[in-house]
Amino acid sequence: MLAPGIEFPHFCAQCEDYPCVEACPVNALSVSKETGAVIVDSNTCIGCGKCIDACPGRIPHLHPKENKILICDLCGGDPQCVKVCQEGLWNVLRIVPRGNYSYKLYARTPEEIARDLAVKIFGEDGARYV
Ligand code: SF4
Ligand code: SF4
Ligand code: SF4
């Protein structure tokens, strides 16, 4: 991103139809019945990147050395990122109950998120550099 100071978390949205899971050719991805999070079987993942292409937000991250995909697993239902954020009093991340709306709408690319944030922080003029 060209706009300075734009940093943001880029999380899995747990899309209701899980396109990443559908796209995996070796069934390395599954959905946790308890949390709805995507679970990666690292032993099975072949690092093909098809789940990244299938994700509307390009959220799965390919580990640069291990060549295995990384996706937020909600820490098994106890998100540590939320804890740290709350303990640090930033209060940006919160746990909210699952609602009756499309979660896929939250699966957005880093470019889309950065552009929106830049508009909020710098206004339309600042955003044209993103
Ligand atoms: S990168 Fe791994 S998890 Fe993603 S589609 Fe390929 S094999 Fe499946
Ligand atoms: S946001 Fe991306 S990684 Fe998460 S469930 Fe949707 S397609 Fe999969
Ligand atoms: S700390 Fe846990 S819940 Fe937060 S993004 Fe990482 S895996 Fe997901």
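See above for the structure.
Let us look at the structure shown here. (Residues numbered from 1 in each chain as written. Chains lettered and ligands numbered in written order. Predicted model: local features only at pLDDT ≥ 70, side-chain atom pairs only at ≥ 80, totals over all residues. Heavy atoms only, no water.)

### What to know about unusual backbone geometry
And step 1. With a phi close to 50°, Arg58 is a non-glycine residue in the positive phi region.
And step 2. Within the secondary structure, Arg58 sits in the loop between helix 2 (50-54) and strand 3 (61-62).
And step 3. The exposure class of Arg58 is partly exposed, given its relative accessible area of 39%.
And step 4. In this structure, Leu89 is a non-glycine residue whose phi angle is positive, near 65°.
And step 5. Within the secondary structure, Leu89 is located in the loop between helix 3 (80-87) and helix 4 (110-127). (Helix = DSSP H or I, 4+ residues; strand = E, 2+ residues; numbered from the N terminus. Buried < 20%, exposed > 50% of the residue type's maximum accessible area, 1.4 Å probe, protein only.)

### Things to note about the site of ligand 2
And step 1. Every one of the 13 residues lining ligand 2 counts as a neighbour, but Cys12, Ala13, Cys15, Cys20 and Cys55 are closest to it.
And step 2. Of the residues assigned to the shell around ligand 2, the class counts are twelve nonpolar, one polar and no charged. (Near = heavy atom within 4 Å. Nonpolar A, V, L, I, M, F, W, Y, C, P; charged D, E, K, R; others polar.)

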